[in-house]
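Reading the structure
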Amino acid sequence: VDDAGGIVGVLGAGQLGGMLGLAGIPLGLHFRFLDPAGAAFAGAVGDLRVGSLDDDAAAAALADGAAVVTYEWEGVPAATARAAAARAPVRPDPVALEVAQDRMSEKTLFARLGIAVPTFAAVNDRADLEDALAAVGLPAVLKTRRGGYDGKGQHVLRVDADVDSAWAARRGEPLILEELVAFSRELSVLAVRGLDGATACYPLVETEQRDGVLRVCRAPAPGVTGPLQRAAEDIAGWILDELGYVGVLAVELFERDGALIANELAPRVHNSGHWTIEGAVTSQFENHLRAILGWPLGSTAARGSSGLVNALGSLPPRDAVLAVPGAHLHDYRKDPRPGRKVGHVTVVADSDAERDRQLSVLQAVLDAPRV
Ligand SMILES: Nc1ncnc2c1ncn2[C@@H]1O[C@H](COP(=O)(O)OP(=O)(O)OP(=O)(O)O)[C@@H](O)[C@H]1O
Ligand SMILES: [Mg+2]
């Protein structure tokens with residue numbers, strides 16, 4: 001490439017990085033990734049440099065000659081992202097990593113912005129836990145403050161005996177106790193903010209988790225009223241503006257009694273936005289790239305009713321998925337492991353009813369026992 005306008009550096013090279021690359025190649029972009037895993041998926045779409053994500057020198061080298069650097073994993077240390085910032089702009093600003101990496105700072109930010117959150121309290125020792133239980137009550141969820149994903153590091157507390165066993169498993173780690181929200185459903189909002197501060201939101205997505213892991217998405221979420229969509233857009237907009245954010249952000253939400261309660265944010269493209277590849281005018285991946293490069297944002301409108309099922313553990317035979325009319329398979333080329341997200345399948349239909357019919361066919365294919 002003869003100008004730096006062509007290279008995007010990405011910290012992390014998993015499936016999100018891979019899908020960023022797939023979106024950016026038609027735009028004339030080239031990709032360079034840094035990841036500790038030599039077999040990382042994004043190596044299929046760009047130059048993969050194998051190295052630690054807390055290696056400041058490796059991050060600076062990644063940024064050398066790049067137009068912009070971004071991250072596809074929220075576990076990237078903010079210090080590493082800042083090391084890259086010496087050589088190229090890093091977007092979103094690494095402050096978003098700091099906020100998202102600690103459930104206390106995340107929820108404190110939400111509360112400060114006037115966003116509803118579950119009642120929560122920090123827990124560092126047993127006395128804190130007793131105070132937190134008095135404030136939050138049961139049922140509650142005890143979570144690690146840092147490092148959790150896919151529901152890992154979480155304990156639902158319903159009776160006193162659960163408190164003792166969760167404490168035995170978690171004592172010594174910085175923890176947070178949260179009210180267990182009796183939600184009617186889970187939603188997520190994906191928003192993108194450009195370099196000029198312009199923002200756009202995708203339609204709310206309904207998400208279903210299985211054992212703490214995202215399993216099914218419906219987009220646009222059924223039955224969303226204008227006021228509910230606007231409430232979600234307000235939440236995303238306040239966070240984006242507060243963080244001076246550039247790029248795609250996801251906010252996971254609970255709906256209870258028709259109101260939204262914020263669970264957590266992801267400072268990156270997000271699994272609940274994968275439907276946008278086939279189901280929106282502009283995918284979350286393309287819009288993230290447009291934003292961080294200072295290009296005009298694309299329309300976030302949905303093209304129809306989309307449904308997405310994650311493949312957890314292992315992928316079914318490719319033929320079985322492709323035999324479902326309209327199925328779009330995304331294989332992350334990962335080794336099978338119980339509960340691991342190894343791919344997803346999207347369908348786009350003309351109506352919610354047709355989408356739901358296709359989704360149940362897909363779920364049956366993905367749930368079929370396999371060897
Ligand atoms: N306070 C809560 N009340 C009710 N359900 C909760 C609560 N916290 C978490 N959950 C359930 O557990 C799931 C995973 O929790 P959360 O999103 O906090 O964890 P995570 O491990 O960071 O997940 P992710 O994979 O999204 O990063 C949620 O989607 C929700 O189904
Ligand atoms: Mg979550």
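For the structure, check the block above.
Residues numbered from 1 in each chain as written. Chains lettered and ligands numbered in written order. Predicted model: local features only at pLDDT ≥ 70, side-chain atom pairs only at ≥ 80, totals over all residues. Heavy atoms only, no water.

**Things to note about the packing of helix H6 (residues 126-136) against helix H7 (residues 160-170)**
As a packed pair, H6 and H7 sit with axes 12 Å apart at the nearest point and diverge in direction by 145°. Regarding H6 and H7, the two cross each other, and that crossing is right-handed. Contacts from Arg126, Leu129 and Leu133 in H6 reach Val163, Asp164 and Trp167 in H7. Residues that form the contact of H6 with H7 fall into these classes: four nonpolar, no polar and two charged. (Axes fitted to C-alpha atoms, helices over the stretch in contact; angles between N-to-C directions. Helix = DSSP H or I, 4+ residues; strand = E, 2+ residues; numbered from the N terminus. Left-handed = near helix turned anticlockwise from the far one by under 90°. Contact = heavy atoms within 4.5 Å. Nonpolar A, V, L, I, M, F, W, Y, C, P; charged D, E, K, R; others polar.)

**Focus: the site of ligand 1**
As a structural note, the neighbourhood of ligand 1 is formed by 21 residues, with Lys143, Asp150, Gly151, Glu186 and Glu264 the closest of them. The side chain of Glu186 places a nitrogen or oxygen atom 2.6 Å from an oxygen atom of ligand 1. In this structure, an oxygen atom belonging to ligand 1 sits 3.0 Å away from a side-chain N or O atom of Asn263. Out of a free accessible area of 610 Å², ligand 1 has 90% covered by protein chains. Of all the elements in the fold, those that place two or more residues in the shell around ligand 1 are strand S6 (140-144), strand S8 (175-179), strand S13 (247-256) and strand S14 (259-266). (Near = heavy atom within 4 Å. Polar contact = N/O pair within 3.5 Å; in protein donor to acceptor, adjacent residues only side chain to side chain. Areas by Shrake-Rupley, 256 points an atom, 1.4 Å probe, with all protein chains shown as cover.)

**Concerning helix H2 (residues 56-63)**
Ala58, Ala59, Ala60, Leu62 and Ala63 are the residues of H2 that are buried. Buried residues along H2 sit in contact with strand S1 (7-11), strand S2 (30-35), strand S3 (47-50), strand S4 (68-71) and helix H3 (78-84). With a side-chain oxygen lying 3.0 Å from the backbone nitrogen of Ala57, the N-terminal cap of H2 falls on Asp55. (Buried < 20%, exposed > 50% of the residue type's maximum accessible area, 1.4 Å probe, protein only.)

**Details of the sheet that holds S2**
Pairing within the open sheet is parallel, and its four strands lie in the order S3-S2-S1-S4. Where the open sheet ends on each side, the last strands, each with one partner, are S3 and S4. With strand direction ignored, the average angle separating the axes of adjacent strands in the sheet is 20°. Pairing of S1 with S2, which is carried by five bridges, proceeds in the parallel orientation. Residue pairing for S2: Val10 is matched across the bridge by Phe33. Helix H1 (residues 15-24) rests against S1, S2 and S4 of the sheet, and its axis sits at about 170° to S2. Lying over the sheet, helix H10 (residues 284-292) contacts S1, S2 and S4, oriented at roughly 140° with respect to S4. (Pairing = 2+ DSSP bridges.)

**Here's the deal with the coordination of the magnesium ion (ligand 2)**
Of the protein atoms, only Glu252 (OE) and Glu264 (OE) coordinate the magnesium ion (ligand 2), at distances of 2.0 Å. Of the two residues, Glu252 is situated in strand S13 and Glu264 in strand S14; the sequence distance between them amounts to twelve residues. (Donors = N, O, S within 2.8 Å, 3.2 Å for Na, K, Ca; no water.)

**Examining the sheet that holds strand S7 (residues 154-157)**
Strand order in the open sheet formed by four strands is S5-S8-S6-S7, and the pairing between neighbours is antiparallel. Each having just a single partner strand, strand S5 (120-123) and S7 make up the two edges of the open sheet. Neighbour-to-neighbour, the strand axes of the sheet open up by a mean angle of 20°, direction not taken into account. Relative to S7, S6 runs antiparallel, the two sharing four bridges. Bridging across to S7, Lys143 finds its partner in Gln154. This element, H7, spans S5, S6, S7 and S8 of the sheet and lies at about 165° to S7.

**Thoughts on the side chain of Lys107**
Secondary-structure assignment places Lys107 in helix H5 (residues 103-112). Its relative accessible area of 0% is what places Lys107 among the buried residues. Residues contacting Lys107, with those up to four places away along its chain left out, are Val117, Pro118, Phe120, Ile176, Glu178, Ala262 and Asn263.

**As for the pattern of salt bridges**
As enumerated under the stated definition, the model contains 27 salt bridges in all. A salt bridge links Lys107 to Glu178; the nearest nitrogen and oxygen atoms lie 2.7 Å apart. One end of the pair, Lys107, is in helix H5; the other, Glu178, is in strand S8, with 71 residues separating them in the sequence. Across the pair, exposure class does not vary: Lys107 and Glu178 are buried alike. One salt bridge in this structure joins Arg218 and Glu206, with 3.6 Å as the shortest N-O distance. Taken as a pair, Arg218 in strand S12 (residues 213-219) and Glu206 in strand S11 (residues 205-210) lie far apart in primary sequence, twelve residues in all. A relative accessible area of 15% places Arg218 in the buried class. Among the residues examined, Glu206 registers a relative accessible area of 15% and is labelled buried. The structure contains a network of salt bridges with shared partners spanning Arg185, Glu206, Glu208, Arg218, Glu255, Asp352, Arg355 and Asp356. (Salt bridge = Lys/Arg side-chain N within 4 Å of Asp/Glu carboxyl O.)

**Some remarks on the environment of Val365**
Tracing the backbone through its elements, the reader meets Val365 in helix H12 (residues 352-367). Separated by 49 residues in the primary sequence, Val365 and Pro316 place their C-alpha atoms 7.2 Å from one another. The residues touching Val365, leaving out its near neighbours within four places in the chain, are Pro316, Ala320, Val321, Val324 and Arg370.

**Some remarks on the nonpolar core**
Core analysis: the biggest nonpolar cluster contains 46 residues, and Leu11, Val69, Ile239 and Leu253 have the highest contact counts within it. Sort the elements by how many residues they give to this core and helix H8 (residues 226-243) lands first, with seven residues. Aside from chain neighbours lying at most four places away, what touches Ile239 is Leu109, Phe110, Leu113, Ile115, Leu249, Val251 and Leu265. If you look at the next biggest cluster of nonpolar residues, it comprises 36 residues, including Met19, Trp275, Phe285 and Leu308. (Core = buried A, V, L, I, M, F, W, Y, C linked by side-chain atoms within 4.5 Å.)

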